[in-house]
Amino acid sequence: QVQLVESGGGLVQPGWSLRLSCATSGSIFSINSMAWHRQAPGKQRELVASITSGGSTNYGDSVKGRFTISRDNAKNTVYLQMNELKPEDTAVYYCRVVVPPTSSVYWGQGTQVTVSS
């Protein structure tokens, strides 16, 4: 069984920063891609950022220049540094990983990020 545990969410004011972490556990030896998605009330889940095993990154248009995704392969952990947070960033943030050899997809339970003055 593979489990993902997100942490680092919370309530912050606009312009503040947060760093999310996603730690994986279970009978896995490596991870292909890792990503962060988010879902706000009444909206569909959207991709925030992704990173491959080789370190290539992609970002959603709304977070480019503000968010940075990174990973620690030795710990099978992915991070999301979120700067200059806006109220529009308020959502539940979910971690997603893809595990070889069958490209199995696993999701975390999510961590709440609320940006409000």
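What you are looking at is a predicted structure, and each value in this text was computed from that prediction instead of being measured.

S.K.: Any details on the overall build of the protein? Residues and values, ideally.
M.R.: On a plain count of helices and strands, the protein comes out with zero helices and 11 strands. Against the 2.2 N^0.38 benchmark of 13 Å for 117 residues, the protein shows a C-alpha radius of gyration of 14 Å, consistent with a compact globule. Taking all 117 residues of the protein together, the buried fraction comes to 42%. Put simply, 53% of the contacts in the protein that link residues at least 6 apart link residues at least 24 apart. For the protein, the distance from the average position of its 10 positive side-chain charges to the average position of its 7 negative side-chain charges is 4 Å.

S.K.: Go over the nonpolar core, please, and point to the residues and values.
M.R.: Among the nonpolar cores identified, the biggest contains 28 residues, and Trp 36, Val 48, Phe 67, Val 78, Leu 80, Met 82 and Tyr 93 are the most heavily contacted of them. For this core, the element with the most residues is strand β9 (residues 91-99), which contributes five residues. When residues no more than four places from it in sequence are discounted, the contact partners of Tyr 93 are Glu 6, Leu 20, Trp 36, His 37, Arg 38, Val 48, Phe 67, Leu 80, Met 82, Gly 110, Thr 111 and Val 113.

Rules used throughout
- Residues numbered from 1 in each chain as written.
- Predicted model: local features only at pLDDT ≥ 70, side-chain atom pairs only at ≥ 80, totals over all residues.
- Heavy atoms only, no water.
- Helix = DSSP H or I, 4+ residues; strand = E, 2+ residues; numbered from the N terminus.
- Rg over C-alpha atoms; globule rule 2.2 N^0.38 Å.
- Buried < 20%, exposed > 50% of the residue type's maximum accessible area, 1.4 Å probe, protein only.
- Contact = heavy atoms within 4.5 Å.
- Lys, Arg positive; Asp, Glu negative; His and termini not counted.
- Charge placed at Lys NZ, Arg CZ, Asp CG, Glu CD.
- Core = buried A, V, L, I, M, F, W, Y, C linked by side-chain atoms within 4.5 Å.

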